[in-house]
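Inside the fold
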Amino acid sequence: AQSVTQPDARVTVSEGASLQLRCKYSYSATPYLFWYVQYPRQGLQLLLKYYSGDPVVQGVNSFEAEFSKSNSSFHLQKASVHWSDSAVYFCALKAGGYKVVFGSGTRLLVSP
Amino acid sequence: EAAVTQSPRNKVAVTGGKVTLSCNQTNNHNNMYWYRQDTGHGLRLIHYSYGAGSTEKGDIPDGYKASRPSQENFSLILELATPSQTSVYFCASGDGGLSGNTLYFGEGSRLIVV
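A brief look at the structure comes next. (Residues numbered from 1 in each chain as written. Chains lettered and ligands numbered in written order. Predicted model: local features only at pLDDT ≥ 70, side-chain atom pairs only at ≥ 80, totals over all residues. Heavy atoms only, no water.)

1. Here we look at the overall build of chain A
Counting secondary structure elements, chain A contains zero helices and 12 strands. The globule rule puts the C-alpha radius of gyration for 112 residues at 13 Å, and the 13 Å found for chain A is close to it. Taking the principal axes of its C-alpha atoms as reference, chain A extends roughly 40 × 30 × 20 Å. Out of the 112 residues in chain A, the part that is buried amounts to 47%. Long-range pairs, those at least 24 residues apart, make up 54% of the contacts in chain A between residues at least 6 apart in sequence. Carbon and sulfur atoms provide 47% of the accessible area of chain A, an area that totals close to 5,400 Å². Distance between charge centres in chain A, computed from 10 positive and 6 negative side chains, equals 13 Å. (Helix = DSSP H or I, 4+ residues; strand = E, 2+ residues; numbered from the N terminus. Rg over C-alpha atoms; globule rule 2.2 N^0.38 Å. Buried < 20%, exposed > 50% of the residue type's maximum accessible area, 1.4 Å probe, protein only. Contact = heavy atoms within 4.5 Å. Areas by Shrake-Rupley, 256 points an atom, 1.4 Å probe, with all protein chains shown as cover. Lys, Arg positive; Asp, Glu negative; His and termini not counted. Charge placed at Lys NZ, Arg CZ, Asp CG, Glu CD.)

Right, dumping it as C-alpha coordinates:
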(Lines give C-alpha, C1' and ligand atoms only; values in the text may rest on other atoms or scores of the structure.)
Protein backbone atom coordinates (compact mmCIF):
# COMPACT_ATOMS: atom_id res chain seq x y z
CA ALA A 1 0.00 0.00 0.00
CA GLN A 2 1.10 3.54 -0.63
CA SER A 3 2.20 5.72 2.27
CA VAL A 4 4.12 8.86 3.15
CA THR A 5 6.24 9.26 6.28
CA GLN A 6 7.46 12.55 7.67
CA PRO A 7 9.64 11.54 10.60
CA ASP A 8 9.96 14.98 12.18
CA ALA A 9 6.81 16.36 13.78
CA ARG A 10 8.52 19.65 14.69
CA VAL A 11 11.61 21.41 13.42
CA THR A 12 13.05 24.63 14.79
CA VAL A 13 15.65 26.63 12.90
CA SER A 14 17.09 30.10 13.26
CA GLU A 15 16.25 32.76 10.73
CA GLY A 16 18.82 32.74 7.95
CA ALA A 17 19.80 29.13 8.53
CA SER A 18 19.34 26.35 6.01
CA LEU A 19 16.48 23.90 6.23
CA GLN A 20 15.75 20.31 5.33
CA LEU A 21 12.40 18.65 5.95
CA ARG A 22 12.39 14.92 5.42
CA CYS A 23 9.89 12.82 3.51
CA LYS A 24 9.96 9.10 2.76
CA TYR A 25 7.40 7.36 0.59
CA SER A 26 6.30 3.83 -0.13
CA TYR A 27 4.92 3.09 -3.57
CA SER A 28 5.60 0.36 -6.08
CA ALA A 29 5.87 2.60 -9.14
CA THR A 30 7.35 6.02 -9.74
CA PRO A 31 5.03 8.39 -7.95
CA TYR A 32 3.95 11.94 -8.39
CA LEU A 33 5.28 13.70 -5.27
CA PHE A 34 4.27 17.02 -3.80
CA TRP A 35 5.08 19.40 -1.00
CA TYR A 36 2.29 21.59 0.37
CA VAL A 37 2.40 24.32 3.01
CA GLN A 38 -0.32 25.25 5.48
CA TYR A 39 -0.35 28.63 7.20
CA PRO A 40 -2.43 29.09 10.36
CA ARG A 41 -6.19 28.66 9.84
CA GLN A 42 -5.80 28.20 6.10
CA GLY A 43 -5.99 25.39 3.62
CA LEU A 44 -2.94 23.85 2.02
CA GLN A 45 -1.08 25.46 -0.87
CA LEU A 46 1.25 23.78 -3.35
CA LEU A 47 4.96 24.48 -2.96
CA LEU A 48 6.34 22.17 -5.64
CA LYS A 49 5.85 18.83 -7.34
CA TYR A 50 7.83 16.10 -9.09
CA TYR A 51 7.11 13.28 -11.49
CA SER A 52 10.02 12.76 -13.79
CA GLY A 53 13.13 14.39 -15.15
CA ASP A 54 15.60 16.40 -13.10
CA PRO A 55 15.42 15.02 -9.55
CA VAL A 56 15.83 18.51 -8.12
CA VAL A 57 12.70 20.59 -8.52
CA GLN A 58 12.25 24.25 -7.74
CA GLY A 59 9.20 25.69 -6.08
CA VAL A 60 7.82 28.93 -4.76
CA ASN A 61 9.66 31.12 -2.24
CA SER A 62 13.05 29.53 -3.06
CA PHE A 63 12.09 26.09 -1.83
CA GLU A 64 13.43 23.08 -3.66
CA ALA A 65 13.17 19.33 -3.22
CA GLU A 66 15.27 16.40 -4.30
CA PHE A 67 13.81 13.09 -5.38
CA SER A 68 15.78 9.92 -4.68
CA LYS A 69 14.41 6.67 -6.04
CA SER A 70 17.06 4.59 -4.30
CA ASN A 71 16.17 6.10 -0.93
CA SER A 72 12.43 6.50 -1.61
CA SER A 73 12.76 10.05 -0.43
CA PHE A 74 11.67 13.54 -1.43
CA HIS A 75 13.26 15.96 1.00
CA LEU A 76 12.39 19.66 1.02
CA GLN A 77 15.20 22.20 1.32
CA LYS A 78 15.75 25.91 1.56
CA ALA A 79 19.07 27.69 1.75
CA SER A 80 18.01 30.51 4.07
CA VAL A 81 14.73 30.56 5.97
CA HIS A 82 12.69 33.60 6.90
CA TRP A 83 10.36 34.02 9.87
CA SER A 84 7.42 33.97 7.45
CA ASP A 85 8.30 30.37 6.53
CA SER A 86 6.91 29.24 9.88
CA ALA A 87 4.07 26.90 8.94
CA VAL A 88 3.15 23.24 8.66
CA TYR A 89 4.61 21.40 5.68
CA PHE A 90 3.08 18.29 4.16
CA CYS A 91 4.58 15.80 1.77
CA ALA A 92 2.07 14.01 -0.49
CA LEU A 93 1.97 11.19 -3.00
CA LYS A 94 -0.39 10.59 -5.89
CA ALA A 95 -0.98 6.87 -5.95
CA GLY A 96 -3.10 4.88 -8.41
CA GLY A 97 -5.84 6.74 -10.18
CA TYR A 98 -6.24 10.15 -8.59
CA LYS A 99 -5.92 9.17 -4.95
CA VAL A 100 -3.60 11.53 -3.07
CA VAL A 101 -2.10 10.51 0.26
CA PHE A 102 -0.48 12.89 2.72
CA GLY A 103 2.11 12.52 5.43
CA SER A 104 1.51 13.61 9.00
CA GLY A 105 3.15 16.99 8.47
CA THR A 106 6.14 18.82 9.95
CA ARG A 107 5.61 22.01 11.93
CA LEU A 108 8.42 24.46 11.18
CA LEU A 109 9.23 27.21 13.64
CA VAL A 110 11.71 29.85 12.54
CA SER A 111 13.21 31.62 15.53
CA PRO A 112 14.62 35.17 15.35
CA GLU B 1 -11.51 35.03 -5.29
CA ALA B 2 -11.66 31.66 -3.53
CA ALA B 3 -12.08 28.78 -5.95
CA VAL B 4 -12.93 26.16 -3.31
CA THR B 5 -15.38 27.23 -0.65
CA GLN B 6 -16.61 25.21 2.27
CA SER B 7 -19.63 25.66 4.50
CA PRO B 8 -20.16 25.86 7.33
CA ARG B 9 -16.77 27.06 8.49
CA ASN B 10 -17.59 26.18 12.09
CA LYS B 11 -20.17 23.74 13.41
CA VAL B 12 -21.11 22.34 16.78
CA ALA B 13 -23.21 19.20 16.55
CA VAL B 14 -24.74 16.85 19.08
CA THR B 15 -23.87 13.19 19.27
CA GLY B 16 -26.21 11.18 17.08
CA GLY B 17 -27.19 14.13 14.97
CA LYS B 18 -26.76 14.49 11.23
CA VAL B 19 -24.10 16.81 9.85
CA THR B 20 -23.60 17.86 6.24
CA LEU B 21 -20.44 19.64 5.16
CA SER B 22 -20.66 21.27 1.77
CA CYS B 23 -17.98 22.12 -0.75
CA ASN B 24 -18.23 24.15 -3.94
CA GLN B 25 -15.49 24.62 -6.52
CA THR B 26 -15.26 26.96 -9.47
CA ASN B 27 -12.10 25.38 -10.92
CA ASN B 28 -14.08 23.05 -13.21
CA HIS B 29 -12.00 20.15 -11.91
CA ASN B 30 -13.26 16.61 -12.24
CA ASN B 31 -11.68 15.36 -9.01
CA MET B 32 -12.76 16.38 -5.53
CA TYR B 33 -11.67 15.19 -2.12
CA TRP B 34 -12.59 15.26 1.55
CA TYR B 35 -9.84 15.00 4.16
CA ARG B 36 -9.82 15.35 7.91
CA GLN B 37 -6.92 16.85 9.78
CA ASP B 38 -6.00 15.74 13.28
CA THR B 39 -2.87 16.41 15.29
CA GLY B 40 -0.39 13.61 14.76
CA HIS B 41 -2.23 12.17 11.77
CA GLY B 42 -1.86 14.88 9.18
CA LEU B 43 -4.50 14.73 6.47
CA ARG B 44 -6.42 11.51 6.05
CA LEU B 45 -8.53 10.83 2.99
CA ILE B 46 -12.20 10.11 3.68
CA HIS B 47 -13.87 10.11 0.26
CA TYR B 48 -13.09 11.37 -3.19
CA SER B 49 -14.81 11.70 -6.52
CA TYR B 50 -13.88 11.54 -10.18
CA GLY B 51 -16.88 13.50 -11.36
CA ALA B 52 -20.57 14.10 -10.97
CA GLY B 53 -22.35 11.00 -9.68
CA SER B 54 -19.18 9.21 -8.55
CA THR B 55 -17.80 8.68 -5.08
CA GLU B 56 -14.89 6.55 -3.96
CA LYS B 57 -13.88 5.43 -0.49
CA GLY B 58 -10.64 6.80 0.84
CA ASP B 59 -8.60 5.43 3.70
CA ILE B 60 -11.03 6.21 6.55
CA PRO B 61 -14.58 6.14 5.12
CA ASP B 62 -16.36 4.52 8.07
CA GLY B 63 -19.04 6.78 9.53
CA TYR B 64 -19.05 9.08 6.50
CA LYS B 65 -21.00 9.26 3.26
CA ALA B 66 -20.27 11.47 0.28
CA SER B 67 -22.39 12.93 -2.47
CA ARG B 68 -21.34 14.52 -5.77
CA PRO B 69 -24.50 15.80 -7.42
CA SER B 70 -22.71 18.08 -9.86
CA GLN B 71 -19.25 19.02 -11.11
CA GLU B 72 -19.14 21.92 -8.68
CA ASN B 73 -20.48 20.39 -5.46
CA PHE B 74 -19.23 17.63 -3.19
CA SER B 75 -20.77 17.01 0.23
CA LEU B 76 -19.63 15.01 3.22
CA ILE B 77 -22.41 13.56 5.35
CA LEU B 78 -22.18 12.31 8.90
CA GLU B 79 -25.47 10.47 9.46
CA LEU B 80 -24.86 9.79 13.16
CA ALA B 81 -22.16 12.11 14.42
CA THR B 82 -19.86 10.91 17.19
CA PRO B 83 -17.31 12.81 19.32
CA SER B 84 -14.49 10.95 17.51
CA GLN B 85 -15.49 12.86 14.38
CA THR B 86 -14.52 16.15 15.99
CA SER B 87 -11.92 17.47 13.59
CA VAL B 88 -11.08 19.98 10.89
CA TYR B 89 -12.33 18.89 7.49
CA PHE B 90 -10.80 20.04 4.23
CA CYS B 91 -12.26 19.84 0.77
CA ALA B 92 -10.05 20.01 -2.30
CA SER B 93 -10.40 19.89 -6.05
CA GLY B 94 -7.77 18.29 -8.25
CA ASP B 95 -6.75 19.28 -11.76
CA GLY B 96 -6.10 15.67 -12.73
CA GLY B 97 -3.75 16.69 -15.48
CA LEU B 98 -0.48 15.36 -16.74
CA SER B 99 1.15 17.60 -14.13
CA GLY B 100 0.06 15.14 -11.51
CA ASN B 101 -3.24 16.29 -10.07
CA THR B 102 -2.38 19.34 -8.03
CA LEU B 103 -4.94 19.86 -5.28
CA TYR B 104 -6.59 23.17 -4.46
CA PHE B 105 -7.94 23.39 -0.92
CA GLY B 106 -10.71 25.19 0.83
CA GLU B 107 -10.10 26.90 4.14
CA GLY B 108 -11.51 24.09 6.23
CA SER B 109 -14.59 23.34 8.31
CA ARG B 110 -14.10 22.96 12.04
CA LEU B 111 -16.56 20.44 13.50
CA ILE B 112 -17.06 19.81 17.19
CA VAL B 113 -19.34 16.95 18.21
CA VAL B 114 -20.52 17.15 21.83
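2. Some details on the pattern of salt bridges
Enumeration according to the criterion identifies seven salt bridges over all chains in this entry. Of the charged contacts, one joins Lys-78 of chain A and Asp-85 of chain A as a salt bridge, the two residues approaching to 2.8 Å between their closest N and O atoms. A salt bridge links Lys-99 of chain A to Asp-59 of chain B; the shortest N-O distance between them is 2.7 Å. Here Lys-99 of chain A is found in the loop between strand S10 (87-94) and strand S11 (100-102), whereas its partner Asp-59 of chain B is found in the loop between strand S6 (56-57) and strand S7 (65-67) on a different chain. Judged by relative accessible area, which is 14%, Lys-99 of chain A ranks as buried. According to the relative accessible area criterion, Asp-59 of chain B is partly exposed, its value standing at 44%. (Salt bridge = Lys/Arg side-chain N within 4 Å of Asp/Glu carboxyl O.)

3. Focus: the layout of surface pockets
Approximately 730 Å³ is the volume found for the largest pocket. Around the largest pocket, the lining comprises 28 residues; the ones closest to its centre are Gln-38, Val-88 and Arg-107 of chain A together with Gln-37 and Thr-39 of chain B. Residues of the lining of the largest pocket, tallied by class, amount to eight nonpolar, 13 polar and seven charged. Its boundaries defined by the atoms lining it, the second largest pocket holds a volume of some 260 Å³. Along the wall of the second largest pocket there are 14 residues; nearest its centre are Leu-44 and Gln-45 of chain A together with Tyr-104, Phe-105 and Gly-106 of chain B. Elements that contribute at least two residues to the lining of the second largest pocket include exactly strand S6 (44-50) of chain A together with strand S10 (103-105) of chain B. Looking at the lining of the second largest pocket residue by residue, the classes come out as eight nonpolar, five polar and one charged. (1 Å grid on protein atoms, 1.4 Å probe; cavity = no way out; pocket = protein on both sides within 12 Å on 5 of 7 lines; lining within 4 Å. Points joined across faces, edges and corners; volume = space filled by probe spheres on them. Nonpolar A, V, L, I, M, F, W, Y, C, P; charged D, E, K, R; others polar.)

4. Notes on a nonpolar patch on the surface
Residue and element names in this part refer to chain B. Taken together, Val-12, Val-14, Ile-112 and Val-114 make up a surface patch of nonpolar side chains, about 370 Å² in accessible area. Mapped onto the elements of the fold, Val-114 is located in the segment after strand S11 (109-113). Judged by relative accessible area, Val-114 falls into the exposed class, the value being 56%. (Patch = residues over 30% accessible without salt bridge, like charges linked within 9 Å, V, L, I, M, F, W, Y side chains within 5 Å.)

5. Some details on the interface of chain A and chain B
Each side of the interface is counted separately: chain A has 20 residues, and chain B has 25 residues. Of the roughly 1,800 Å² buried between chain A and chain B on both sides combined, carbon and sulfur atoms contribute 54%. When the area that chain A buries against chain B is broken down by residue, the three leading residues are Tyr-98, Lys-99 and Phe-102 of chain A, summing to 31%. Between the two partners, chain A and chain B, sit one salt bridge. On inspection of chain A and its partner chain B, the count reaches eight residue pairs in polar contact (both at pLDDT 80 or more). Elements that contribute at least two residues to the side of chain A that touches chain B include exactly strand S5 (32-38), S6, S10 and S11 of chain A. Examining the composition of the side of chain A that touches chain B, we find that four residues originate from one element, S5 of chain A, more than from any other. Looking at the side of chain A that touches chain B, its residues break down into 10 nonpolar, six polar and four charged. (Buried area = accessible area lost by both parts, 1.4 Å probe. Polar contact = N/O pair within 3.5 Å; in protein donor to acceptor, adjacent residues only side chain to side chain.)

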